[in-house]
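# Structure at a glance
Spelled out, the chains give:
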Amino acid sequence: MSVGSTIEAVVFDLDGVIVDSEQVWDEVREEYVRASGGTYTDESARDMMGMSSPEWSRYMAEALRVPGTPEEINAAIVERMLARYGAAPPLLPGAVEAVRRIGAWVPLAVASSSNRELIDAVLDAAGLAADFAATVSSEEVPRGKPSPDVYLEAARRLGADAAGCGAVEDSHNGIRSAKAAGMHVVAVPNPHYPPDDEALALADVVVASIGELQAEHFGV
């Protein structure tokens, strides 16, 4: 989509865009793998970034040799993530204001690799639940990021054409996912796990932080 096109809705990623949680995910999963006698490598965190919960829990069971079924692993990790979040998830500075600024202009959705329970917990704690017309977890679609499924489903739930939507993403797999859905992608590179140059080149616009996000970044 070229700058200047009409945007009818904007879809936000959650982890690394609204909540500073990518490293929390990695810490929780690494601790669980090591405590369970599995094998965690330097590549494990990057491999799992963007995976849906069925995908990363299966990866942990098969590739990282964690005991238990993928369903048991998933439940254990979500329980630990909710405990780490508590009542105050680590919201990124300026994220709440950015969501409300864009939401005053167009309808919003969330397209996240997080589990449904975690999406709801973050948005409730941030006071943002009512700001999103739709939220989608990649566990609710066939494939996680970088496949476009979660973004296409978010557009469908908004009643919008994916090609008429903007997306806000921080990671290499997230940028690829939103771009594959045909959206106008605004990248906010994750400082902990920056997207690779190839993925970043796919973004239509790059901003340094979520607090800087404005409607003009979507070509209006």
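Quick note: structure is the one above.
As a starting point, this report considers the structure included with it. Starting afresh in each chain, residues are numbered from 1 along the sequence in its written order. Local features in this predicted model are restricted to residues whose pLDDT is 70 or higher, and side-chain atom pairs enter the listing and the counts only when it is 80 or higher, whereas totals over whole chains, interfaces and linings include all residues. The side-chain values count all of the structure's non-hydrogen atoms but skip hydrogen atoms and water molecules.

## Overview of the side chain of K145
Selection rule: The helix count covers DSSP runs of H or I at least four residues long, the strand count covers runs of E at least two residues long, and both are numbered beginning at the N terminus. When accessible area is computed with a 1.4 Å probe and restricted to protein chains, residues below 20% of their type maximum are described as buried, those above 50% as exposed, and intermediate ones as partly exposed. Polar contact is defined as a pair of N or O atoms within 3.5 Å, subject to the rule that within protein one atom must be able to donate a hydrogen and the other to accept it, and that residues adjacent in sequence are counted only when both atoms are side-chain atoms. Residue contacts are counted whenever heavy atoms from the two residues lie within 4.5 Å of one another.
In this structure, K145 sits in the loop between β3 (134-137) and α7 (149-158). Residue K145 is classed as buried on the basis of its relative accessible area, which comes to 4%. Reaching out from K145, the side chain makes a polar contact with the side chain of E169 at a distance of 2.7 Å. With sequence-adjacent residues up to four places away left out, K145 is seen in contact with D13, G50, M51, A111, S112, S113, V150, Y151, E169, N173, G174 and S177.

## Concerning the pattern of salt bridges
For side chains bearing opposite charge, pairing can occur when the charged atoms are close. We apply this condition: Salt bridges, as used here, are contacts in which a Lys or Arg side-chain nitrogen is within 4 Å of a carboxyl oxygen on Asp or Glu.
For the structure on display, the rule yields 15 salt bridges. A salt bridge links D26 to R29; the shortest N-O distance between them is 3.9 Å. Placement of the pair is D26 and R29 together in helix α1 (residues 22-35), with a separation of three residues, close to one helical turn. For D26, a relative accessible area of 6% translates into the label buried. Note that E198 and R176 form a salt bridge whose closest N and O atoms lie 3.9 Å from each other. One end of the pair, E198, is in helix α9 (residues 197-200); the other, R176, is in helix α8 (residues 172-180), and 22 residues separate them in sequence. According to the relative accessible area criterion, R176 is partly exposed, its value standing at 22%. A single network of salt bridges, built from pairs that share partners, joins R116, D120, E140, E153, R156 and R157.

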